[in-house]
2 protein chains.
Amino acid sequence: MQLNHQSILELDERYRRNLINSIHGAKTIALIGSKSKDGVSNLAIFSQIIHIGANPPVLGVLFRPDSVNRHTLDNIRDSGHFTYQNVKSEFYKQAHQTSARYPDNISEFNECGLSEEYLSNFPIPFVKESTVKVGLSLADEIPIKINGTHLILGKVELLEIDDSYISSDGFVDPFLAETIAGGGLDAYYSLNKLSRLSYAKPGKPLEDI
Amino acid sequence: MQLNHQSILELDERYRRNLINSIHGAKTIALIGSKSKDGVSNLAIFSQIIHIGANPPVLGVLFRPDSVNRHTLDNIRDSGHFTYQNVKSEFYKQAHQTSARYPDNISEFNECGLSEEYLSNFPIPFVKESTVKVGLSLADEIPIKINGTHLILGKVELLEIDDSYISSDGFVDPFLAETIAGGGLDAYYSLNKLSRLSYAKPGKPLEDI
């Protein structure tokens, strides 16, 4: 199939949404935890996530203001904090279920069968079942003019990861942590490790490290 | 291991870079093709990629101005166009090799053993070996103040994907397209499909679709 810009715009809306959400292949998915002014915890699955930088340590999450995830955005703006955790294959259905439109006074933690865990005085709950837990503070909010979305930058304030998933050089292996990836709006993939490759230099053969 | 913001800042720089580049798990990787004013084609692997929206169809790629990928950013600013394509397991080592620092007058296509392919008068070459090919025009450039990176927004102008990878509802399956995912700065993963899940509603059991 070959499509140009105009023919993409003329596609059925649902077809276009599935298509354009999936052309970039496998992607990071994660559960974002937050808490409302009224103290109701919220948990939502996200797939528009990007590493912004390591120093300072910052992650970015893109929010659509009109989506079911609006609660999460409101909560982050109010409290200034949120949690980020990986999705494991054993609870990906529970993670997907967090995308349902629950009322404001309902916590997705309970409704979807995932457990709240508080760590080190961080004000927002983590998902106990996750193996990679990141506590973040709101560092910046960048409006994306082209479609009215918002890129939320979170500074890493707290990190909890079992030592057994971390290589001696700091690499957290998503295969060992049983982290899965997403595809499109509703597909989930577990990982097979191919290898880590040595730093590339012109004319130098790559090695598995 | 539990770390707070201050203890992360105090880590060895290389350890911190590996750690913070890998805490968000598996991520999209892709090859970005571009062309210099002098007509030299350039190909580079990227892992900071985000879906921005489906209408208009837009992808975002984060650039570090000081990296080896500066050539790509200069080229995109000059020509206003670039290509995006998936990495398959059969050529992930060639894709990784594009991250080596080649001189300005050298094309990574030839050096790394990947083939140029021109499609439908699009001015920038695609990677022939890829199964998902996206031609983009520069739509916006958003400075990220917190660390001086730049989020480049590309509008989808051309799409070429074999029909056999596309479901009837528009979903492009990265498993069928043999797209792989990345981890950290140098790890690569092939995918196992778990399932696609039905649209989540409160109180309604999920189904595999």
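Residues numbered from 1 in each chain as written. Chains lettered and ligands numbered in written order. Predicted model: local features only at pLDDT ≥ 70, side-chain atom pairs only at ≥ 80, totals over all residues. Heavy atoms only, no water.

Engineer: Would you mind showing me how to read the interface of chain B and chain A here?
Structural biologist: Buried accessible area, meaning the area lost when the parts come together, often serves as the stated size of an interface. Each partner contributes to the interface: chain B provides 104 residues, whereas chain A provides 104 residues. Contact between chain B and chain A buries roughly 8900 Å² in total, counting both sides, with carbon and sulfur atoms accounting for 61%. The largest contributions to the chain B side of the interface with chain A come from B:Ile23, B:His51 and B:Tyr189, which together make up 8% of the buried area. Linking chain B with chain A are six salt bridges, by the criterion used here. Here chain B is connected to chain A by 53 residue pairs in polar contact (both at pLDDT 80 or more). Taken together, the residues that form the side of chain B that touches chain A break down as 53 nonpolar, 31 polar and 20 charged. Where strand β11 (residues 149-161) of chain A and strand β1 (residues 2-4) of chain B come together, three bridges link them in antiparallel fashion. Within β1(B), the position partnered with A:Leu159 by the bridge is B:Leu3. (Contact = heavy atoms within 4.5 Å. Buried area = accessible area lost by both parts, 1.4 Å probe. Salt bridge = Lys/Arg side-chain N within 4 Å of Asp/Glu carboxyl O. Polar contact = N/O pair within 3.5 Å; in protein donor to acceptor, adjacent residues only side chain to side chain. Nonpolar A, V, L, I, M, F, W, Y, C, P; charged D, E, K, R; others polar. Pairing = 2+ DSSP bridges. Helix = DSSP H or I, 4+ residues; strand = E, 2+ residues; numbered from the N terminus.)

Engineer: I would appreciate a short explanation of the relation of the copies chain B and chain A in the present structure.
Structural biologist: Relating one copy of the chain to the other requires a rotation about an axis plus a shift along that axis. Screw-axis analysis of chain B against chain A gives a translation of 0.0 Å along the axis, an RMSD of 0.0 Å, and a rotation angle of 180 degrees. What the rotation and shift describe, once combined, is the action of a two-fold rotation axis. Looking at the interface residues of chain B, 100% of them are also at the interface in chain A, so both copies use one shared face. (Least-squares fit on C-alpha atoms with pLDDT ≥ 70 in both.)

Engineer: Teacher, can you tell me more about the packing of aromatic side chains here?
Structural biologist: Two aromatic rings, taken as a pair, are described by how far apart their centres are and by the angle between their planes. Residue and element names in this part refer to chain A. The full count for this structure, using the stated rule, is six aromatic pairs over all chains. Here the aromatic rings of Tyr92 and Tyr188 are separated by 5.3 Å at their centres, their planes lie at 45 degrees, and the arrangement is tilted. Of this pair, Tyr92 sits in helix α4 (residues 92-97) while Tyr188 sits in strand β13 (residues 187-196); the two residues are 96 residues apart in sequence, bridging distant segments of the chain. Per residue, the accessibility class of Tyr92 equals that of Tyr188, and both read buried. (Phe/Tyr/Trp six-rings, centres within 6.5 Å; stacked < 30°, edge-to-face > 60°. Buried < 20%, exposed > 50% of the residue type's maximum accessible area, 1.4 Å probe, protein only.)

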